[in-house]
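Now for the letters of each chain:
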Amino acid sequence: MAATIDILLDEPIATIDPNVYGHFAEHLGECIYDGVWTGEGEAGRLVEGVVAALRRVRPAVLRWPGGCFADDYHWQDGIGPVANRPRRINIHWGEVVESNEFGTHEFVRLCRAIGAAPYFCGNVGSGSPRELRDWVEYCNFPGDTAWSALRAANGDPEPFNIHYWGVGNESWGCGGNFTPEEYAAHYRRFSTYLRDFGGDPPYLIACGPNRNDLDWTERFFTKLHEGRGFGRIHGYAPHYYTSNRDGHAGTDTAYTDDQWYALLAQATEMEALIVGQRAVMDRFDPERKIGMIIDEWGTWHPPTPGRNPRFLWQQNTLRDALVAALSLDIFGRHADTVVMANIAQTVNVLQALLLTEGERVITTPTYHVYDLYAPHQGAQALRVAIDAPTIGFAAPGGAGALAALTGSASLRDRILTLTVVNPGIGAPVEATITPRGAAVSGAIEETVLTHDDIHAHNTFDAPDTVTLSAPRAVTASGGTFTHTFASQSVTRLTIPLR
Ligand code: AHR
């Protein structure tokens, strides 16, 4: 198979917001307890291996405490002496007992340790405007009030300066089962009280639809506006899971070739969501003051036998890695639209970057994609024109098709980063690559994530089954060069330019 890739240096898209490389950690299964946090009571602490691995992939932002959990979370349960914190039921995720040993201060410690900006998701479904505005004051007020004094008494005299605040989560479902009109009314009321409290004005994020539900977005913005202006809203957050919950694309580790393609094709529908949702938003917000946030995304496979089905633990194979790469490339191609995206979830849940067993930590193939794509963070996205054949496959509703090569490019300091996904099983693709508007100067470096077995994944016995290749020099000079992209792979080419 042959293809062409033209990288258009004179067609910059926008700076890729580092927050597109965001993450999400919920009180769900083994994400928090036995994931990022270990030990009980006063002996509780961050898991060092998790902190070290996450730091390496430069997580720009971390969303917490949910998810569905957020709309049943009362933040005052998670502050003060650990021994005094109330035990509650986690009604969404297995009705397990939530000890509240990991709360606001512990989460901020985690964010500082991994270098991420904290993003708090507030409780609208079962909370009150007062409860949420008090959380903002508790976290952010530098002066002397009852709430800031309590924060100091709990060990943190300096304000946390939490910038990102979600006003509810999945308000169409577990966050209250609201209609878009009902949620818009709640949003307006809650957001009225979320002030700056002496620090930066909080960045307020409204819950968007599930998948590309245009009706929700149309009705939410119609109601929110109602001739009075939007009030306080900075981000709007749809959720999109590459959902394989019904098993139509196999399971986490068992799938046919067609199911491999079916899941990857579903991941590419993220692009239609971004374009479709933004088109509706543009009618209400033509100056694009409200940013689009893909608050939760990733693969969601059928429950793993032997695991609590409500803990959403799943293995992570090369297929998941390609879903991550396809999605990050889409975010790069829409860098002028997507200002944040948080993969679900960080550790032990859904499309996790890390799996733990006790304090042992392994990295998943998805983790390696984040490592590979790190140079895109904060770089200038460029338009890329790819001409490649399509791959046909048998899909549940008929015939499916997937491009044989897709990718994205960015530029920083005359270094061009090109990332490319070749989903083809046993089908390497030779591409003629032209950076238009500049010439290559010096050696190109290639790093690849692939494996002969499309089901390959990492385990505690074999933690490096799927890992990045050692960087390899590729010879090229002048304007155009050819490169062969390995079958079933994700590739990064680092191209120095004159
Ligand atoms: O990430 C798991 C769950 O998926 C979240 O709690 C919820 O927001 C979504 O439905």
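Residues numbered from 1 in each chain as written. Predicted model: local features only at pLDDT ≥ 70, side-chain atom pairs only at ≥ 80, totals over all residues. Heavy atoms only, no water.

Draft legend 1. Fine view of empty space enclosed by the protein. In this structure the tally under the stated criterion is two cavities of 30 Å³ or more. Quantified by volume, the largest cavity comes out at close to 50 Å³. Lining the largest cavity are Tyr73, His74, Trp75, Asn123, Ser128, Glu131, Leu132 and Trp135. For the lining of the largest cavity, a count of residues per class yields four nonpolar, three polar and one charged. (1 Å grid on protein atoms, 1.4 Å probe; cavity = no way out; pocket = protein on both sides within 12 Å on 5 of 7 lines; lining within 4 Å. Points joined across faces, edges and corners; volume = space filled by probe spheres on them. Nonpolar A, V, L, I, M, F, W, Y, C, P; charged D, E, K, R; others polar.)

Draft legend 2. Quick peek at the state of the cysteines. Per the counting criterion, the structure on display carries one disulfide. Disulfide partner of Cys68: Cys174, at an S-S distance of 2.2 Å. Judged by the torsion about the S-S bond (-85 degrees), the Cys68/Cys174 disulfide is left-handed. You can see Cys68 sitting in the loop between strand E5 (61–64) and strand E6 (88–90) and its partner Cys174 sitting in the loop between strand E9 (164–167) and helix H5 (180–192), a full 106 residues away along the chain. According to the relative accessible area criterion, Cys68 is buried, its value standing at 12%. On the accessibility criterion, Cys174 (25% relative accessible area) is partly exposed. Residue Cys121 stays outside any disulfide, its sulfur separated by 8.5 Å from that of Cys207, the closest cysteine. In this model Cys139 remains outside any disulfide bridge; the closest cysteine sulfur is found in Cys111, 11 Å from its own. (Disulfide = S-S within 2.5 Å. Helix = DSSP H or I, 4+ residues; strand = E, 2+ residues; numbered from the N terminus. Buried < 20%, exposed > 50% of the residue type's maximum accessible area, 1.4 Å probe, protein only.)

Draft legend 3. Region of the structure containing the domain arrangement of the chain. When cut into domains, the chain gives domain 1 (2–9 + 382–496) and domain 2 (15–378). Put simply, the middle of domain 1 and the middle of domain 2, counted by C-alpha atoms, are 29 Å apart. In this complex, domain 1 contributes 40 residues to the contact, which on the side of domain 2 involves 42 residues. Across the interface of domain 1 and domain 2, roughly 3,400 Å² is buried in total on both sides, 66% from carbon and sulfur atoms. On the domain 1 side of the interface with domain 2, the three residues burying the most area are Arg412, Ile454 and Phe460, jointly 19% of the side's total. Applying the counting rule to domain 1 against domain 2 returns zero salt bridges. Among the secondary structure elements, those contributing two or more residues to the side of domain 1 that touches domain 2 are strand E17 (390–395), strand E19 (406–412), strand E20 (415–422), strand E22 (444–450) and strand E25 (489–496). With six residues, E19 is the single largest residue contributor to the side of domain 1 that touches domain 2. For the side of domain 1 that touches domain 2, the per-class residue count stands at 18 nonpolar, 19 polar and three charged. (Domains from an automatic or database assignment. Contact = heavy atoms within 4.5 Å. Buried area = accessible area lost by both parts, 1.4 Å probe. Salt bridge = Lys/Arg side-chain N within 4 Å of Asp/Glu carboxyl O.)

Draft legend 4. Quick look at the UniProt feature "domain: Alpha-L-arabinofuranosidase C-terminal" (unreviewed entry) in the chain. According to UniProt, the feature "domain: Alpha-L-arabinofuranosidase C-terminal" (unreviewed entry) maps to residues 295–489 in the numbering used here. Counting secondary structure, residues 295–489 comes out at 13% helix and 41% strand; the distance between its end C-alpha atoms is 26 Å. (UniProt positions renumbered as here; feature names shortened; annotations may be inferred.)

Draft legend 5. A look at the site of the ligand. For the ligand, the set of nearby residues contains 14 residues, the closest of which are Glu26, Cys68, Glu170, Tyr241 and Glu296. Here an oxygen atom of the ligand sits 2.7 Å away from a polar atom, N or O, in the side chain of Tyr241. Within the side chain of Gln345, an N or O atom sits 3.0 Å from an oxygen atom of the ligand. A class-by-class count of the residues in the shell around the ligand yields seven nonpolar, four polar and three charged. (Near = heavy atom within 4 Å. Polar contact = N/O pair within 3.5 Å; in protein donor to acceptor, adjacent residues only side chain to side chain.)

Draft legend 6. Seen up close, the pairing of strand E15 (residues 360–363). Examined bridge by bridge, strand E14 (residues 354–357) and E15 share four bridges and lie antiparallel to one another. By the bridge assignment, Thr356 is partnered in E15 with Val361. Joining the antiparallel neighbours E14 and E15 is a turn of two residues, in which Gly358 adopts a positive phi near 60 degrees. (Pairing = 2+ DSSP bridges.)

Draft legend 7. Main features of the sheet that holds strand E13 (residues 338–344). Judged by pairing direction, the barrel is parallel, and its eight strands sit side by side in the order E2-E5-E8-E9-E10-E11-E12-E13 before closing back on the first. Direction aside, the axes of adjacent strands within the sheet are offset by 30 degrees on average. Bridging between E5 and strand E8 (residues 117–122) involves four bridges; their strand directions are parallel. Bridge pairing links Val61 to Ala117 in E8. Helix H6 (residues 214–225) rests against strand E10 (203–210) and strand E11 (235–243) of the sheet, and its axis sits at about 140 degrees to E10. (Axes fitted to C-alpha atoms, helices over the stretch in contact; angles between N-to-C directions.)

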